[in-house]
2 protein chains.
Amino acid sequence: MSTVDESSNIVWHECSIGKSDRQKLLQQKGCVVWITGLSGSGKSTVACALSRRLHSRGKLTYILDGDNVRHGLNNDLSFGPEDRTENIRRIGEVAKLFADAGVICIASLISPYKRDRDACRALLPKGDFIEVFMDVPLWLCEARDPKGLYKLARAGKIKGFTGIDDPYEQPQNCEIVLQHKEGIETSPCEMAQTVVSYLEDHGYLQA
Amino acid sequence: MSTVDESSNIVWHECSIGKSDRQKLLQQKGCVVWITGLSGSGKSTVACALSRRLHSRGKLTYILDGDNVRHGLNNDLSFGPEDRTENIRRIGEVAKLFADAGVICIASLISPYKRDRDACRALLPKGDFIEVFMDVPLWLCEARDPKGLYKLARAGKIKGFTGIDDPYEQPQNCEIVLQHKEGIETSPCEMAQTVVSYLEDHGYLQA
């Protein structure tokens, strides 16, 4: 094989280590767990509990948090409608790369519009996009208000805030609903276990 | 601990699985191997050989290829000067996330300007950005011309092509130089081994 051939695109595709090799190494299947819900619905808490639970079973996870990514990759984006869509698109594309790397990628962001979530779903192979809806009523999210954002939105100091003056489109056919039931306290660990069981049942915790 | 506390940012940062946990799981340290050089200098070939060699030692790698990323995350970017810089910035930010995930991330892209490469280096903790310069003379890259791009550039059908009508700024203080020496054929595997030895000597192949 000549040097010319070796540096061509064709050879590169032939010789590279692929997704299935990485999955065998990690003894898991790469996928995206996409946690959507209102601010204060507990997305980050469940993401964290999920990563701990999977890590304790020797599985590699990585959390893409909407807020955190805005400090780096998406630090050029505003909170206007177009840039919110672009924010979600980029996180979807990065999540896809992580899944391709064999990682169980946990994306945690409000992602209020169905079309944006569906666009991310379309990037992944069938089955590998697992949408988790934090079904928590607005009044409870607002009562929690962990970052004080609802207070600011009610005071008119934040415009276009999801749940206040911008809609949240509930998922209709998502893979998992984590519901806050009136009078029954479900812990973040129990919620995480629901997701772990789903991943196990669908073969993602083995190569 | 109340539900309010549990869904706050503070608790999230406390309880999450961190980089060092992932590194222990993978028995390696996350870092970025940034391969820079002219089109046709063999970046992709070395990236591939490196990923194979590390995989055979049970290490998890992921290749971010400049061309491939343009099909996904960076599909909104042109080849104009500003967008080329943005292309590199985004790849740098994604590489940073992979390194944080514990992965040995191999970025393979021309990245002709020192300021763009240095901006990516600045994103990573000290030592974790390993710049590899493919030191291959232009005449040889042009003789290889694996994608036929030099021919198009010489014919004026591609404008601003690195090495033809746009400069390539050679790294001055990079970690590794993979040099094409006149009359001595160095195989991609030997070049990859040079990088593996560097990673080993600097502790990246253990947790």
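Residues numbered from 1 in each chain as written. Chains lettered and ligands numbered in written order. Predicted model: local features only at pLDDT ≥ 70, side-chain atom pairs only at ≥ 80, totals over all residues. Heavy atoms only, no water.

Per an unreviewed UniProt entry, chain A is named Adenylyl-sulfate kinase, and its organism is Saponaria officinalis. UniProt, in the comment section headed Pathway (unreviewed entry), describes chain A in these words: "Sulfur metabolism; hydrogen sulfide biosynthesis; sulfite from sulfate: step 2/3." The UniProt entry for chain A carries the following comment under Sequence similarities (unreviewed entry): "Belongs to the APS kinase family." (UniProt positions renumbered as here; feature names shortened; annotations may be inferred.)

Caption draft 1: Main features of the pattern of salt bridges. Under the definition given, this model contains 30 salt bridges over all chains. For B:Asp128, the salt bridge identified is with B:Lys19, shortest N-O distance 3.4 Å. You can see B:Asp128 sitting in the loop between α7 (114-123) and β4 (129-135) and its partner B:Lys19 sitting in helix α3 (residues 19-26), a full 109 residues away along the chain. Here B:Lys19 falls in the partly exposed class, since its relative accessible area comes to 22%. Salt-bridge contacts for B:Glu175 lead to B:Arg121; the nearest nitrogen and oxygen are separated by 2.8 Å. With B:Glu175 in the loop between α9 (149-154) and β5 (176-179) and B:Arg121 in helix α7, this pair connects stretches of sequence that are 54 residues apart. Because the salt bridges share partners, they merge into one network encompassing A:Asp76, A:Glu86, A:Arg89, A:Arg90, A:Glu93, B:Asp76, B:Glu86, B:Arg89, B:Arg90 and B:Glu93. (Salt bridge = Lys/Arg side-chain N within 4 Å of Asp/Glu carboxyl O. Helix = DSSP H or I, 4+ residues; strand = E, 2+ residues; numbered from the N terminus. Buried < 20%, exposed > 50% of the residue type's maximum accessible area, 1.4 Å probe, protein only.)

Caption draft 2: Main features of the side chain of A:Arg117. Checked against the element boundaries, A:Arg117 lands in helix α7 (residues 114-123). Here A:Glu169 takes part through its backbone oxygen, which lies 2.8 Å from a polar atom of the side chain of A:Arg117. (Polar contact = N/O pair within 3.5 Å; in protein donor to acceptor, adjacent residues only side chain to side chain.)

Caption draft 3: Representation of the packing of aromatic side chains within the structure. The full count for this structure, using the stated rule, is 9 aromatic pairs over all chains. Centre to centre, the rings of A:Phe98 and B:Phe98 are 3.9 Å apart; their planes meet at 10 degrees, and the pair counts as stacked. One end of the pair, A:Phe98, is in helix α6 (residues 81-100); the other, B:Phe98, is in helix α6 (residues 81-100), on a second chain. Look at B:Phe98 and you get buried, because its relative accessible area is 0%. Aromatic pair A:Phe133 and A:Tyr168: ring centres 5.9 Å apart, planes at 20 degrees, arrangement stacked. (Phe/Tyr/Trp six-rings, centres within 6.5 Å; stacked < 30°, edge-to-face > 60°.)

Caption draft 4: A look at the nonpolar core. Judged by nonpolar contacts, the single largest core of 46 residues is most densely connected at A:Trp34, A:Leu64, A:Phe98, B:Trp34, B:Leu64 and B:Phe98. Elements that contribute at least two residues to this core include exactly β1 (31-36), β2 (61-65), α6 and β3 (104-108) of chain A together with β1 (31-36), β2 (61-65), α6 and β3 (104-108) of chain B. Beyond its immediate stretch of four places on either side in the chain, B:Leu64 contacts A:Leu97, B:Val69, B:Ile91, B:Val94, B:Ala95, B:Phe98, B:Cys105, B:Ile106, B:Ala107 and B:Ser108. (Core = buried A, V, L, I, M, F, W, Y, C linked by side-chain atoms within 4.5 Å. Contact = heavy atoms within 4.5 Å.)

Caption draft 5: Representation of the relation of the copies chain B and chain A in the model. Each copy superposes on the other: chain B lies on chain A with an RMSD of 0.0 Å after a rotation of 180 degrees and an axial shift of 0.0 Å. In short, the pair behaves as if placed about a two-fold rotation axis. When C-alpha distances to the rotation axis are compared across chain B, the minimum falls at B:Val94, with a value of 3.6 Å. (Least-squares fit on C-alpha atoms with pLDDT ≥ 70 in both.)

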